[in-house]
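# Coordinate analysis (summary)
This is what each chain is made of:
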Amino acid sequence: PFRQQVLSHPVVHLTVEDAEGGRMHGFTTPTCLLHGIVTDVFTVDLPVAGRVAGLAFQPGGLAALLDTGVRDLTGNVVPAEEVLGPPVRALSELVLGEPEEERRRDHFAAYLHRLLEPRLESVRADSAYRMVREAIRLMRRREHTTVSSVAERLHVSPRHLQRVFARYVGVSPLWVLRRYRLQEAAATLDAGERTDLAATAADLGYADQAHFSRDFSRAIGVPPAQYRRGHLSTR
């Protein structure tokens, strides 16, 4: 058994899972699950043996596809058929019964094609979804450290961006922006590229080191100085 911890991206995942012991994320396996955005560190206890295959929707993609908000999924894992309908059960059987990885990908692709095809033109015409995609692109660039700067580039108000993100992504634009900056910080500390935490905080757009340390500790479970020393939380 192994405990895996990941500072995940702001996306919804569709997974097909089977595990020795017959339980994953509180559900009996084999199963097909939808994982909403994880606002803390994603922690999962992996069994000795099992299989998982999955995909990540683009931020906002599931909401655009289903024409519904996804905020209720944030922080939750639910049976996929509750959201996508009973036909998703067949995906679980096909993927878990297929020994070849390439064929497992083919099954996922075929299922999504059937799901998306009737909605494709509507998704392409969805201006709010396009706004989300462009906002995400901007947020991943280091020069954008505030929601206001992103909203200004998109020619909308920060409040409008907040409403769109609540429906399409399930979290606030500020949360997404900080998540990307914290991922950068963790990667920088992992690589041992910098020992000056005040300079790291400034580079990431924080007003001071204390604010950066609070956000880092809240997201990852330990302060950046402790993380740098390699003492990860096991919570």
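A brief look at the structure comes next. (Residues numbered from 1 in each chain as written. Predicted model: local features only at pLDDT ≥ 70, side-chain atom pairs only at ≥ 80, totals over all residues. Heavy atoms only, no water.)

So, about the overall build of the chain. Within the chain one finds 12 helices and 8 strands. Looking at the 235 residues of the chain, the share that counts as buried comes to 43%. Only carbon and sulfur atoms are counted for the fraction: they give 50% of the accessible area of the chain, which is about 12,400 Å². (Helix = DSSP H or I, 4+ residues; strand = E, 2+ residues; numbered from the N terminus. Buried < 20%, exposed > 50% of the residue type's maximum accessible area, 1.4 Å probe, protein only. Areas by Shrake-Rupley, 256 points an atom, 1.4 Å probe, with all protein chains shown as cover.)

Contact geometry for helix H3 (residues 88–96) and helix H4 (residues 101–116): axes closest at 9 Å, N-to-C directions at 165 degrees. One way to sum up the angle between H3 and H4 is to call them roughly antiparallel. In this structure, H3 crosses over H4, and the sense of that crossing is right-handed. Note on element contacts: H4 touches H3 through Arg104, His107, Phe108 and Tyr111, opposite Val88, Leu91, Leu94 and Val95. (Axes fitted to C-alpha atoms, helices over the stretch in contact; angles between N-to-C directions. Parallel < 35°, antiparallel > 145°, perpendicular 65-115°, else oblique. Left-handed = near helix turned anticlockwise from the far one by under 90°. Contact = heavy atoms within 4.5 Å.)

A word on the environment of Val171. Summarising the element assignment, Val171 is placed in the loop between helix H8 (158–168) and helix H9 (173–191). Here the alpha-carbon distance between Val171 and Thr39, two residues 132 residues apart in the chain, equals 8.6 Å.

All of the buried residues along H8 are Leu161, Val164, Phe165, Ala166 and Tyr168. Looking at the packing, one finds that the buried side of H8 touches helix H1 (61–66), helix H6 (127–139), helix H7 (147–154) and H9. Just downstream of H8, Gly170 is the residue with a positive phi angle, here 100 degrees.

This part is about the pattern of salt bridges. Across all of its chains, the model carries 10 salt bridges by this definition. A salt bridge links Glu121 to Arg124; the nearest nitrogen and oxygen atoms lie 3.1 Å apart. Of the two residues, Glu121 and Arg124 both sit in helix H5 (residues 120–124), 3 residues apart, roughly one turn of that helix. Owing to a relative accessible area of 54%, Glu121 belongs among the exposed residues under this scheme. Between Arg137 and Glu134 there is a salt bridge, with the nearest N and O atoms lying 2.5 Å from each other. (Salt bridge = Lys/Arg side-chain N within 4 Å of Asp/Glu carboxyl O.)

One open sheet accounts for 4 strands, arranged S7-S2-S5-S8; its pairing is antiparallel. The sheet is open, and its two edges are formed by strand S7 (50–56) and strand S8 (77–79), each paired on a single side. The sheet shows a mean angle of 25 degrees between the axes of neighbouring strands, taken without regard to direction. Of the pairings in the sheet, the one linking strand S5 (residues 31–35) to S8 comprises 3 bridges and is antiparallel in character. Note on S8: the bridge partner recorded for His35 is Val77. Most of the contacts of H3 go to strand S2 (residues 13–19), to which it runs at about 55 degrees, and overall it touches S2, S5 and S7. Contacts from H4 reach S2 and S7, with the element oriented near 40 degrees to S7. (Pairing = 2+ DSSP bridges.)

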